[in-house]
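Fold and contact review
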Amino acid sequence: GIQVEQSPPDLILQEGANSTLRCNFSDSVNNLQWFHQNPWGQLINLFYIPSGTKQNGRLSATTVATERYSLLYISSSQTTDSGVYFCAVRSGSARQLTFGSGTQLTVLP
Amino acid sequence: EAGVTQSPTHLIKTRGQQATLRCSPISGHTSVYWYQQALGLGLQFLLWYDEGEERNRGNFPPRFSGRQFPNYSSELNVNALELEDSALYLCASSPTAGGEFFGPGTRLTVL
C-alpha cells in the first residue's frame, strides 16, 4: 500500500513565527487532505488539495502531485494552532484514507 | 448543515464484553468510514460502508464488524473486547467525490 511520511515529527515555535510542514507519499494520489486534531481528538478539515495551491487565512497548502509531496504553511502562528497535524491520502481504487504519523506542533506564548 | 455525529462520547467496558458505537453522516453523504486511533499506533482504517454494503475493511480481526442502515447511519460493533481495543474511534463520511469529514469520536476504554 501507499506510504505517507510527515516531517518534522515535532515542532516547537514561539507565537508569531511561521512554519512549514511536509508530507511525502510513495504513489500517485487522487485525494490529499490536511487535518488538525484538536485536544479532544476531533479531526478538523484544513484542506482538500490533491493538487495545486489553496489558502485559508493564515494557512496555505501546496501539493505537487508529480513530485509526490505536499506542504502546509502556517504563518503568524498562535497558541491555538497547537496540536497534531495530519496529512492523509487516497490512492488508486481505495476509497479510505491512509494517514501519515503526524506533526506535533507546540506554539509557545 | 450538521456535521458527522457520533455516540457515545465515552464508553467504558470490561474485557470480553461487546461495544457498540454509532455514527450519523452528513446529510447527502452515502459513504461512512471507521478509523481507530490507538495510543502509539496512529490512525488505522477499519471499515468502509457505502449504500448499505461493506466495501472494504482494514487489517482487523472479524470481531470488529458493523453495518450501515437505510438512512446511511452506521454502527461499529466490537465483540470479545481486549485491553488493546482501548482507543479513539473516529467515523467519517464523504460524498461520492471529495474529501472525508470526521465526527468527534468515541473514546473506548477497556478495563
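Here we summarise the structure given alongside this text. (Residues numbered from 1 in each chain as written. Chains lettered and ligands numbered in written order. Predicted model: local features only at pLDDT ≥ 70, side-chain atom pairs only at ≥ 80, totals over all residues. Heavy atoms only, no water.)

**A closer look at the sheet that holds strand S3 (residues 19-24) of chain B**
All names here are of chain B. Ordered by their spatial adjacency, four strands build an open sheet running S1-S3-S8-S7, and the pairing between neighbours is antiparallel. Each having just a single partner strand, strand S1 (5-7) and strand S7 (64-68) make up the two edges of the open sheet. With strand direction ignored, the average angle separating the axes of adjacent strands in the sheet is 20°. Inspection of the sheet shows S1 paired to S3 by three bridges, in the antiparallel sense. Counted as the bridge partner of Ser7 is Arg22 from S3. (Pairing = 2+ DSSP bridges. Helix = DSSP H or I, 4+ residues; strand = E, 2+ residues; numbered from the N terminus. Axes fitted to C-alpha atoms, helices over the stretch in contact; angles between N-to-C directions.)

**A word on the state of the cysteines**
Residues and elements named next belong to chain B. This model, assessed by the stated rule, comprises two disulfides over all chains. Linked covalently through their sulfurs, Cys23 and Cys91 form a disulfide whose S-S length is 1.8 Å. Around the S-S axis, the bridge from Cys23 to Cys91 shows a dihedral of about -60° and counts as left-handed. Note that Cys23 is positioned in strand S3 and Cys91 in strand S9 (residues 87-94), a separation of 68 residues in sequence. We classify Cys91 as buried; its relative accessible area is 0%. (Disulfide = S-S within 2.5 Å. Buried < 20%, exposed > 50% of the residue type's maximum accessible area, 1.4 Å probe, protein only.)

**Some remarks on the sheet that holds strand S1 (residues 4-7) of chain A**
Residue and element names in this part refer to chain A. As summarised here, the arrangement of the five strands in space is S1-S3-S8-S7-S6, forming an open sheet in which the pairing is antiparallel. Here the strands that pair on one side only, and so sit at the sheet edges, are S1 and strand S6 (52-56). Strand-to-strand, the axes of this sheet are offset by a mean angle of 15°, without reference to chain direction. For S6 and strand S7 (residues 59-64), the ladder comprises five bridges, and the chain directions are antiparallel. Bridged to Gly52 within S7 is Thr63.

**Concerning the interface of chain A and chain B**
Taken residue by residue, the interface counts 16 residues in chain A and 21 residues in chain B. Per-residue buried area on chain A facing chain B is highest for Arg95(A), Gln96(A) and Phe99(A); these three make up 38% of the total on that side. At the surface where chain A touches chain B, the tally comes to one salt bridge. One salt bridge connects Glu100(B) with Arg90(A), and the closest N-O pair in it is separated by 3.4 Å. The interface formed by chain A and chain B holds nine residue pairs in polar contact (both at pLDDT 80 or more) in total. Only strand S4 (31-37), strand S5 (43-48) and strand S9 (83-90) of chain A provide two or more residues apiece to the side of chain A that touches chain B. Of all the elements, S4(A) adds the most residues to the side of chain A that touches chain B, at four residues. (Contact = heavy atoms within 4.5 Å. Buried area = accessible area lost by both parts, 1.4 Å probe. Salt bridge = Lys/Arg side-chain N within 4 Å of Asp/Glu carboxyl O. Polar contact = N/O pair within 3.5 Å; in protein donor to acceptor, adjacent residues only side chain to side chain.)

**Observations regarding the packing of aromatic side chains**
All chains considered together, the criterion is met by nine aromatic pairs over all chains. Aromatic pair Phe35(A) and Phe102(B): ring centres 5.3 Å apart, planes at 90°, arrangement edge-to-face. With one member in each of two chains, Phe35(A) in strand S4 and Phe102(B) in strand S10 (residues 101-102) form a pair that bridges those chains. Under the relative-accessibility criterion, Phe35(A) is labelled buried at 0%. Ring geometry for Phe99(A) against Phe102(B): centres 6.0 Å apart, planes inclined by 75°, an arrangement best described as edge-to-face. With Phe99(A) in strand S10 (residues 98-99) and Phe102(B) in strand S10, the pair connects residues from two separate chains. For the pair formed by Phe99(A) and Phe102(B), the shared burial category is buried. Pairwise contacts between aromatic rings join Phe35(A), Phe86(A), Phe99(A), Tyr35(B), Phe45(B) and Phe102(B) into one cluster. The side chain of Arg22(A) reaches across the aromatic face of Tyr69(A), ending 4.2 Å from its centre. (Phe/Tyr/Trp six-rings, centres within 6.5 Å; stacked < 30°, edge-to-face > 60°. Lys NZ or Arg CZ within 6 Å of the ring centre and 35° of its normal.)

**Side note on the side chain of Glu75(B)**
Within the secondary structure, Glu75(B) is located in strand S8 (residues 74-78). Excluding anything up to four places from it in sequence, Glu75(B) contacts Thr20(B), Leu21(B), Arg22(B), Trp34(B), Ser65(B), Gly66(B), Arg67(B) and Phe69(B).

**Quick look at the environment of Glu51(B)**
Residues and elements named next belong to chain B. Its location among the elements puts Glu51 in the loop between strand S5 (42-50) and strand S6 (53-57). In this structure Glu51 comes out as partly exposed when scored by relative accessible area, which is 45%. Taking the C-alpha atoms as reference, Glu51 lies 7.7 Å from Pro70; in sequence the two are 19 residues apart. Those residues within four positions of Glu51 in sequence are excluded, and the remaining contacts are Thr30, Gln68 and Tyr72. Only 3.3 Å separates the side chain of Glu51 from the side chain of Tyr72, close enough to count as a polar contact.

Any functional reading would require information that these geometric values do not contain.
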